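Examining the three-dimensional arrangement
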Amino acid sequence: MKKKIKIAVVTIIIFFAYMFGRVQRQILDDINMASAVGYDYIDKDKIKATAVMPNYKPDKNVGNETYTASNEISKKTLTKINRQSSRQVVNGKLEVALYSKEVAKHGIGELVDSLQRDPSISERLFVAVAEGETHELLNKRYGDRDTGVYLSMLIEQNMKEGIVPTTNLHQFLNDYNSHLRDPFLPLIEQKGKEVNLKGIALFKDDHYVKNLRQDQQFIFQALLENLQLGTYKLKLKDKEFVAIENINSKSRYRVVNLKNTPEIHIQVKLRGIIREYTGKRTDKKEIEQIKKQMEKQLEKEAAAMIRSFQKLKIDPIGFGNHVRSRTRNFRYQRWVDQYPDVKIGVKVNAIILEKGVVD
Amino acid sequence: MKSVIKDQFLVSPFLVLFLIHGMQYGVGVLSFQRDIAKVAGHDAWISILITGILVHIIIWMMYSMLNKTKGDLITIHQQTFGKWIGNLLSLLFILYVLAESTTVLRSYIEIVQVWMFPLLKTWPFALVLLLSVYYVVSSGFRIVTGVCFLAVVLPSYLIFTYVVPIEFSTFRNLLPVFDHSILEMAQSIKGSILSFSGFEYLLFYYPFIKQPESSQKWAHFGNLVTTLLYLLIMIVTLAFFDQAYLQKVIWPTLMMWKIIELPFVERFEIIGVTSWAVVMLPIICLMFWSASRGIKEIFKLKQRSVLVFLLLLSFIVCCLLIDRETIQQYNTFVAEIGFYLLLGYIPFLFICCHIRFKMREKG
Amino acid sequence: MKMWFRKQPPEQQENNLVALINMYKQSGDFVHFHHPQSPQPYWVSYFGTLIDVEILHRDILPFLNKTAFTSLDGVKAALPFEDVLITSDLQKIQDDILQGSVLIQLDVKDATCLLVRAEMKKAREVTIPEEEYSVVGPKEAFVESITTNLNLVRKRLPISELKVKEFTIGTLSKTKVAVLYIDGITNEENVNTVCQRLSDLQFNQILDSSIIAQLIADNGHSLFPQLIDTERPDRVAGVLAEGSVVILAEGSSHALIGPISAMELFNAFEDYYVNWQTATALRLIRIFAVSFSILVTPIYVAVLTYHYQLIPKDLMVTLVSSRRNIPLPPILEAIILELTIELLREAGARLPSKVGQTIGIVGGIVIGTAAVDAGLTSNVLLIIIALAALASFTTPVYRMGNTIRLLRFPFLLLADLWGLLGIAVAFIFLIIHLLNLTSLGRPYLEPIYPPRLKDFKDSFIRFPFSFQSKRPGYLQTKDQIRFSKKKASEVHDIDE
């Protein structure tokens, strides 16, 4: 008797679980997985969102579908897009989020919130700022994959090559939420049939303030992280130039005078290989000269760049964290006040390892 | 006096390692970093170390009491405070155990609801989980231990996942060391002791260990494993998140899993949440086993029927906790009690117990 | 209650031998004749279909006809048989005649008679094992005769400690069942458990040892085999030496081995005939294959139904485009394909082997391609299901293959309900079930739980024989030592 009751109870539980425990299904071929999303500025409280969704065809071709909607909140635009799409739109496979420069100038705080709150969004998502309208950028088809995957592959490839510093959603959110750092994002631009990486967009809190000049990009990266495969092009005096590749960088920070106004000394060590040289010969003297000039130029660029940062009161490299990690009882407010006047010196030490197979 | 437990129901002393570690390592691991870092900042890992040592002391205290009485919590209470007050105190303890088990269950279901299935109803899932709990607990303590053991061994591959986020970490975040006052450190212990809780169930299963005295080193070893594991997770978390960002994140461990990308699987957090079903199962099982065993001892009832009653009770409470805020309130309430129980009551009991024994020896 | 579980009421006791013979006469094959011409008249009765008539004609009748005797004792002395019995016990007479004895009486009305064993021994020749075929190693398999089978085992263990306990089970079949163990090695407790369970057995017909396996299993409702059946005498000899108990039954070509641990389901006996590296690799492959076979279809269903995020972007194109035109949800697609495979398997098993092969080809190639072409199933799932079916054949224990086949379905249903979480729930229940299982009272999951590091030497990994100096711990053998490790691992210096 007791056994029968037991069996009955178990059966009922299984039955109930199966009847009422159902959750919303998202069957792979019945959903539209947005792969890229772009935000454009309309007016003060309206934005236009463009979502790109790959359309997988049975013959293994991938098409592109773009949907556009405008509303106050980015989440709401998604529901609007949902209304246009024949399949449920999900954003778990989002690869790239783009903000037009206009949007970025007006602040992306609200838009970022939807990215960090939604658990289905990948932490490896690439966030970028686009020159011009993202709507136009996303509406085009590039390569043989859908636009989202194309863009993410483009950015990822460039990060691996060391052309832009590695940033993904996690790192962006880390900087964005941090008191001691300001975020930066890669800046992309559409040029004819292609998209290319134009530079680095710098933010103060959630507002875009300026973009980094291309020639400052290298030293910016070298100060930010240890480069593995950097490339640097150097113009020499008489219209000659030299390309140094496979640059391996290491930067060492030293902070002195912590009690009063801290001074930051940064030593950057570079090791690279000459790949292209328009001069005549690469002998010892020549190489020594290239080395010297490279060091000098980089130091100059770094100084200019840092000065501009201080002027704008932004800290994308994270000097603040370096000072904090060396200061007991670090006081945030004091640092913020001090920052524009802090002395930050960069010393570059370059080593040319090889010069290729010819002299 | 208590009846002696038959030899075939006892477990080897070294399994205490898994019982202690498995109970400590639960739902808290997914979210413990934030509460500690709130006060201790980047020194939160020191707080983990200090708490680990504190827990070692408490485990020593428990063994010292248990070795004297050769029984469980109920015997200690009865021998120290007499039958009536002792039983009342035991009952209160069991009530806490029950409340804690509901917390674990509900917290896990909440994680599933937030991270995997927003539309998952609480009750059918709770029902199925509690059914598996009934299956385990009604099979006896050996099986409970077995589940505990497997729940430690099978998901142990997750250790590697704590190493992956190092790629995106800045270990400079950890400096300078000892940048917080002693008061702040002491406050942070309150947050971290809860992630260590779970060792107190030793008070219930002690009589089920073969040569229980020899199991003490394994209990300490289990706590050591927990401490080291927490230390690893904490250090990686502190390096992975900026302090300000960490304060915003509710489940930092899950956020760290989100960054993991394997060639065949993107988005590891779903696998992590799934694996956690196995991790948290023995915790609920042992809690219910302890509670039902305790009630059986006090009231001389049948453990199986007590168990069914307790499961039903927990099920109802679980269904009543609907949204994040209520769950949070309930969790904080239980956590508050847990803190005073672990750091206040057990040492108090330890002192009382020893005074009582001293008096008895004299008298 | 079901009637056939009970002991049937004993047939009506015959009052005397005459009545018994008269009752037997109702059967057409019963022979009962009188020999008046011989020096001394006598009566012979037997079942013509049970005895070997040649023995009767060559060895019994000439003796009876030649010599004159006055008593049955004289007959007994004269007959060149060791198995001659003089009795008046009716029950004994009844049983013996039915098992192929010849009954000899001096007079029809005598209550005492003489019984001579002359049963017809018909058994298959010893052949090559089919279920547990191995490339290396001996190629003898058990047959349906318990005598031959015992002979095959005894040949491999010519020691006096090998003990055989006999039982007769089955109210109708009267099957002879033998319990084998080695005295001094096997734990008495295990032997007693087996003997106790066998003597408590109430069943009318034991047609095969697998029926015994089901009847004496610790948990009769479990899908998992709790006793291994084998047709290899070398395996039986091997496990006997390790300290297991073996059950043999008349008319069954399979021996039962117990107690076992779950790990043994992945061990082919061939593993001991190849070097340890190969054996280990093969075992790991088998374990992988089994988990793959159980989990892969449910994971497919779970991921495609709920967790699209998990799929890497490079795989996405393949997966989505293969499913674009499929009208069914993944769960139905998977269940239909699984059932198709099961259909093919069943059809193949029921048909003679040559036709069975054709079925396999027709099913595998024609139906598979057609189903994909028609857009009923995705080709990715087809590959997955075919691989899963293939993987389920790698288990050396046939019964385990069936378990895997069935185990997949609850996993599938739960995967459809809660995705990966459902698989985790199913996995939890499976683990609890396995933890609960015992084989002849010994934990089933050993050495995983209770954890015994020492027993890992022959579970996932087969360490070389020099590591196997002790018998497996879960058998709780009386004598743990298999051979002296010291002698085996003695290290000689160079050139010494």
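As the structure is a computational prediction, the values presented were derived from the model and not from experiment.

What about the pairing of strand β8 (residues 184-191) of chain A?
Residues and elements named next belong to chain A. Here β8 lies mainly inside the structure; six of its eight residues are buried. Both strand β7 (residues 126-130) and β8 contribute to a ladder of two bridges, which runs parallel. Pairing of alanine 130 across the sheet is with isoleucine 188, part of β8. Bridge count for β8 against strand β9 (residues 194-204) is eight bridges, and the pairing is antiparallel. Bridge assignment links lysine 191 to a residue of β9, and that residue is glutamate 194. Hairpin connection between β8 and β9: a loop of two residues separates the two successive antiparallel strands, and glycine 192 in this loop has a positive phi of roughly 65°.

So, the domain arrangement of chain A
Residues and elements named next belong to chain A. For chain A, the domain assignment lists domain 1 (21-212) and domain 2 (215-359). Just the C-alpha atoms count here: the centres of domain 1 and domain 2 sit 31 Å apart. The partner domain 2 presents 26 residues to the 21 residues of domain 1 that form the contact. Together domain 1 and domain 2 conceal approximately 1,800 Å² of surface at their shared face, both sides included; 59% is due to carbon and sulfur atoms. Counting the surface domain 1 buries against domain 2, the share from its top three residues, Leu180, Arg181 and Leu212, is 33%. Our count for the domain 1 to domain 2 interface comes out at six residue pairs in polar contact (both at pLDDT 80 or more). When contributions to the side of domain 1 that touches domain 2 are tallied by element, the ones reaching two or more residues are α6 (147-161), β9 and β10 (207-212). With six residues, β9 is the largest single contributor of residues to the side of domain 1 that touches domain 2.

A look at the interface of chain A and chain B
Many descriptions give the size of an interface as the accessible area lost when the pieces come together. Taken together, the contact between chain A and chain B spans 37 residues of the former and 37 residues of the latter. Both faces considered, chain A and chain B share a buried interface measuring about 3,300 Å² in area, 52% of it formed by carbon and sulfur atoms. Summed over the three residues of chain A that lose the most area to chain B, namely Pro119(A), Glu123(A) and Arg124(A), the buried surface amounts to 19% of that side. Here chain A is connected to chain B by two salt bridges.

Focus: the pattern of salt bridges
Applying the stated criterion across every chain, the model contains 43 salt bridges over all chains. Between Glu261(B) and Arg124(A) there is a salt bridge, with the nearest N and O atoms lying 3.8 Å from each other. Of the two residues, Glu261(B) is situated in the loop between α13 (252-258) and α14 (269-299) and Arg124(A) in the loop between α4 (109-117) and β7; the pairing between them involves two chains. With a relative accessible area of 36%, Glu261(B) lands in the partly exposed category. Residue Lys70(B) is joined to Glu213(B) by a salt bridge in which the shortest nitrogen-to-oxygen separation is 2.3 Å. Residue Lys70(B) is located in the loop between α3 (44-69) and α4 (73-81), and its partner Glu213(B) is located in the loop between α10 (202-205) and α11 (216-240); the two are separated by 143 residues in the primary sequence. Residue classification places Glu213(B) among the partly exposed positions, given a relative accessible area of 36%. Ionic contacts of the salt-bridge type, sharing partners, join the residues Glu342(C), Arg345(C), Glu346(C), Arg350(C) and Arg405(C) into one network.

Description of the packing of helix α5 (residues 83-115) of chain B against helix α6 (residues 122-138) of chain B
All names here are of chain B. It is at 11 Å that the axes of α5 and α6 come closest, and there the two elements cross at 130°. Classified by the angle between their axes, α5 and α6 sit oblique to one another. The handedness of the crossing between α5 and α6 is right-handed. In contact with Leu105, Arg106, Tyr108, Ile109, Val112 and Gln113 of α5, α6 contributes Thr122, Phe125, Ala126, Leu129 and Leu130. Class assignment for the residues of the contact of α5 with α6 results in eight nonpolar, two polar and one charged.

Notes on the sheet that holds strand β3 (residues 46-56) of chain A
All names here are of chain A. Across the sheet, eight strands lie side by side as β4-β3-β2-β6-β7-β8-β9-β10; this open sheet has mixed pairing. Lying at the two open borders of the sheet, with one neighbouring strand each, are β4 (62-71) and β10. Within this sheet the neighbouring strands show an average axis-to-axis angle of 35°, counted without direction. Examined bridge by bridge, β9 and β10 share five bridges and lie antiparallel to one another. Following the sheet pairing, lysine 204 is matched in β10 by histidine 207. Together, β8, β9 and β10 form the strand contacts of helix α8 (residues 214-224), whose direction differs from that of β9 by roughly 60°.

So, how was this worked out
- Residues numbered from 1 in each chain as written.
- Chains lettered and ligands numbered in written order.
- Predicted model: local features only at pLDDT ≥ 70, side-chain atom pairs only at ≥ 80, totals over all residues.
- Heavy atoms only, no water.
- Buried < 20%, exposed > 50% of the residue type's maximum accessible area, 1.4 Å probe, protein only.
- Helix = DSSP H or I, 4+ residues; strand = E, 2+ residues; numbered from the N terminus.
- Pairing = 2+ DSSP bridges.
- Domains from an automatic or database assignment.
- Contact = heavy atoms within 4.5 Å.
- Buried area = accessible area lost by both parts, 1.4 Å probe.
- Polar contact = N/O pair within 3.5 Å; in protein donor to acceptor, adjacent residues only side chain to side chain.
- Salt bridge = Lys/Arg side-chain N within 4 Å of Asp/Glu carboxyl O.
- Axes fitted to C-alpha atoms, helices over the stretch in contact; angles between N-to-C directions.
- Parallel < 35°, antiparallel > 145°, perpendicular 65-115°, else oblique.
- Left-handed = near helix turned anticlockwise from the far one by under 90°.
- Nonpolar A, V, L, I, M, F, W, Y, C, P; charged D, E, K, R; others polar.

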